[in-house]
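Take a look at the letters that make up each chain.
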Amino acid sequence: MARKMLIDGELEKPNEEKTQYDFDLFVIGAGSGGVRASRFSAQYGAKVGICELPFHPISTEVIGGVGGTCVIRGCVPKKILVYGASFGSELEDARGYGWELNERIDFNWKKLLLKKTEEIVRLNGIYKRMLANAGVKLFEGEGKVVGPNEVEVNQLDGTKISYSAKHILIATGSRAQRPAIPGQELAITSDEALSLEELPKRAVILGGGYIAVEFASIWRGMGASVDLCFRKELPLRGFDDEMRAVVARNLEGRGVNMHPRTTLTELVKTEDGIKVRTDHGEELLADVVLFATGRTPNTKRLNLEAVGIELDKNGAVKVDEYSRTNIPSIWAIGDVTDRMNLTPVALMEGTCFAKTVFGEQPSKPDYSHVPCAVFCIPPLSVVGLSEEQAIDQANGDVLVFTSTFNPMKNTISGRQEKTVMKLVVDGETDKVLGASMCGPDAAEIIQGIAVALKCGATKAQFDSTVGIHPSAAEEFVTMRSVSRRIAAGKPKNNL
Amino acid sequence: NVNIIEFLGKWGQAIARARCAFAIMLHLNEGRFWATWRCVLRGCVPKKLLVYASKYSHEFEESCGFGWKYAAEPEHDWSTLIANKNAEIQRLTGIYKSTLKNAGVELIEGRGKIVDPHTVDVDGKLYSAKNILISVGGRPFIPDIPGSEYVVDSDAALDLPSKPKKIAIVGGGYIAVEFAGIFNGLQSDVHVFIRQKKVLRGFDEEIRDFVGEQMLLRGIEIHTEQSPQAIIKSSDGSLSLKTNKGTIDGFSHIMFATGRKPNTKNLGLESVGVKLKENGAIEVDEYSQTSVPSIWAVGDVTDRINLTPVALMEGGALAKTLFANKPTKPEYRAVPSAVFSQPPIGQVGLTEEQAIKEYGDVDVYTANFRPLKATLSGLPDRIFMKLIACAKTDKVLGLHICGEDSPEIIQGFAVAVKAGLTKADFDATVGIHPTAAEELVTMRTPTRKLRRTPSEGKTDSEFKAAAGV
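Residues numbered from 1 in each chain as written. Chains lettered and ligands numbered in written order. Predicted model: local features only at pLDDT ≥ 70, side-chain atom pairs only at ≥ 80, totals over all residues. Heavy atoms only, no water.

Looking now at the UniProt feature "binding site: NAD(+)" (unreviewed entry) in chain A. Residue and element names in this part refer to chain A. The UniProt feature table records "binding site: NAD(+)" (unreviewed entry) at G207, G208, G209, Y210, I211, A212, V213, E214 and G294. In sequence the annotated residues extend across 88 residues, while in space they remain close, none of their C-alpha pairs exceeding 13.7 Å. Looking at the element boundaries, Y210 is found in helix α6 (residues 210-221). Contacts of Y210, omitting those with residues within four sequence positions, involve L236 and V374. By the secondary structure assignment, G294 is in the loop between β16 (288-291) and β17 (295-297). Ignoring any residue separated from it by four or fewer positions in sequence, one finds G294 in contact with R175, A176 and Q177. (UniProt positions renumbered as here; feature names shortened; annotations may be inferred. Helix = DSSP H or I, 4+ residues; strand = E, 2+ residues; numbered from the N terminus. Contact = heavy atoms within 4.5 Å.)

As structure tokens, then:
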């Protein structure tokens, strides 16, 4: 099928009654969602094309890379930095166990960054191979939607190529937003933070979400002085309040300077670094100022309005339960739809899309009981309802079981950092509505708990499971006494 | 008339929590004035602390790949570790004693012996009891071979005066494998001698292969198909181990981890009529009652599943049966367990071999991958995971993992397996990213599908599966 070339910017008239398309599916964006949807659709026999911006660790409107945010400037490099930072306190703890180490152990940020980059480049290559192995055709360039069945790719050499597709999938993800604070150009976002030349000695972070909290832990773990400024009383709004308090306490315990109910009003460049003013009149000096104040969907340059695709007020593509937009042949998944912005959810959306459109099995992604983790040090992981949500939603009483203890490892190292684990149970049905944990290995522990919760496991079922000893996880199956019982109908107090 | 429980171990805690009036006696172990709570003093707890200590050498290596640099190679001081370990154990002992006290349990220190179905003798003083519970646990078994007096068992290994330079560990079970990891991590030269071809008999075969490989990669030498015959001490104090295959010299220590036997000698059991099994374990029914109606037994002394949480379960069930008017049987299906080798193992449910035997048609999913940490550290660490599902009902029959954090990972999945959840339930659960655990909910393609060909005279596996077993 001949491709149409744009000559002098004029689009050739489309053929009438075109029933044959260049592709059954054309995907714009080769991140977690896009790659999953492409591969699985191809496995169902679809002819798939996908386009992605050229690769670079730091994204712009026209730079990205196969693998997307998760692989290049999200989950993966973040976890690598968390590992790097965690060693700091581990090495301190080793002394209590008899290890003789120098007073100061050197940390080479550049070496870590180099290895991080090697790894993301390697993964980028793997993702390209995965697409090739699945028979998906990859185009490098910026994709735009031209019509209900037409996309246009602006290639690197400037030429534009357009393709017809029975279905179009938008999976362009999101990017960090920068608040309009005077001097904002002096600040960086998470993209740059994951690729800094030098480890900052002093860092100021604006934001209360998981990205802000994770970077606070990372830089503090590497020895930097860190000031964390956030709007609410506690970081991690939306999470269980008790757990938010634990995270805040831990950050403080590790030496992060916490500034609740604070925002920044101005950034000024000085000889000694960036002078940061807060709305409390405080002045901080920083080598690096990180804005971690949210991410916005990447929809500006896709030409969506021209095609009539509906967006919400944040610029996210509106979709139905099957990830279909208001244009029947156009779909969207992942962060660009701003539903649950997690890689495994994008994967789920991509899988369901492929099943629905090419697998003849209409499948809706299920957003209930999606577990997630915040990789602060120590990490937080949750699944199901927070205590506040449970009180709000449950018909009957809500029972809360908690276990707070200093993990065994700390007893010898002398570290005072309590692990908190919590189960929220429906008093009527005995179903476990939510589980959360803040402590070492929380994310690894919660995964299995999530399977049980998703399937409606009761507290009795948890209790009838024998523990593994000695572990932290066994606490989840040995919580015998109720910490508190909240009677049905009690009003909630959200922070 | 007091309810007396002859107490040793953690299940006593479970009994205590049942809030009844009890008296407890402590069994002294060869004159040492410790309460010999196995788990806290000589088992799980000190073992785990030593594992933590020994893991650091691997972490130092790992950290180099993440940019950490050491001016000098970190060195380990054994005496600091043992002193801190003992301080912690003392602290825990104090806590356990308080727990008993707060529960209203009377603690009597002394050597207990049963006189008749309702009488116990503690160092000459007699106490009458409505019920007697025996929970004296087990102790290491060392075969009676020439030179066995030079051998250390796990008790002694946890309290050595100095770190072994070169140690021979005889045994292939979890204790041998855990100590091999401990001493290897603390920079001793470690040699393991096993009778079989692989360590950890009874575990899933692929796990046995995998952990064996990983142990070799860490520098542990495993000598297979060898049976110990004698230990010879030389004039310079070093020890030699003679096996059926030859003699190896130069060991500073030889440790035997060759099994544990129930502690039933000198308790007066035979005279009162309590039936024992061949290995000395006390025979009990499903309610932990012995052949004498007023005498009960739980924990390692009954040699059922010798794990602390199982002992807790048995103790808790007994308390309910005796005093809460709720006859309760401990449930042994899908009991998860861990081996704190390096890397550690976590498992729940059936091995592949057991699953094939019981269910016939099974689907096996495996993953063998390098975790993210290892791609940066450059070390040959890997993780192995296996999920076994019944082909007929899709129920998850067994899970086996070997790799960093396996024990912590398995716990939550054990709830799912115990609840009878299916592979589809696993697959419907969204992963947590990035973790190792998420692999278990993203295994799409079976590595192998095993279908038993119909054979004469054997139980029809399909029939069994259909019956919901």
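Our focus in this paragraph is the pairing of strand β2 (residues 23-28) of chain A. Residues and elements named next belong to chain A. Most of β2 sits inside the fold, with 5 of its 6 residues counted as buried. As judged from the 5 bridges shared by β2 and strand β8 (residues 160-170), these two strands associate in the parallel manner. By the bridge assignment, V27 is partnered in β8 with L169. Of the strand pairs in this sheet, β2 and strand β3 (residues 48-52) are connected by 4 bridges, and their pairing is parallel. Among the inter-strand pairings, I28 is bridged to a residue of β3, identified as C51. What joins β2 to β3 is helix α1 (residues 32-43), and the crossover it makes is right-handed. (Buried < 20%, exposed > 50% of the residue type's maximum accessible area, 1.4 Å probe, protein only. Pairing = 2+ DSSP bridges. Right-handed = clockwise from strand over helix to strand, strands pointing away.)

Below, the discussion takes up the sheet that holds strand β11 (residues 225-229) of chain A. All names here are of chain A. On the basis of which strands lie adjacent, the open sheet formed by 4 strands has the order β12-β11-β10-β16 and parallel pairing. Every other strand in the sheet has two partners, leaving β12 (257-259) and β16 as the edge strands with one partner each. Each neighbouring strand pair of the sheet contributes to a mean axis angle of 15°, computed without reference to strand direction. As paired elements, strand β10 (residues 202-206) and β11 share 5 bridges and run parallel to each other. Across the sheet, the residue bridging to A203 is V226, located in β11. (Axes fitted to C-alpha atoms, helices over the stretch in contact; angles between N-to-C directions.)

Right, let's talk about the UniProt feature "domain: FAD/NAD(P)-binding" (unreviewed entry) in chain B for a bit. Per the UniProt annotation, the sites labelled "domain: FAD/NAD(P)-binding" (unreviewed entry) are residues 38-315 of chain B. Helix makes up 33% of residues 38-315 of chain B and strand makes up 24%, while its end C-alpha atoms are separated by 15 Å.

A few words now on the packing of helix α3 (residues 44-65) of chain B against helix α4 (residues 78-102) of chain B. All names here are of chain B. Two elements in contact, α3 and α4, have axes whose closest approach is 10 Å; the angle formed by their N-to-C orientations is 145°. For the element pair α3 and α4, the recorded crossing hand is right-handed. Of the residues in α4, those in contact with V45, P46, L49, L50 and A53 of α3 are W78, L81, K85, E88, I89 and L92. Tallied by class, the residues present in the contact of α3 with α4 amount to 9 nonpolar, no polar and 2 charged. (Left-handed = near helix turned anticlockwise from the far one by under 90°. Nonpolar A, V, L, I, M, F, W, Y, C, P; charged D, E, K, R; others polar.)

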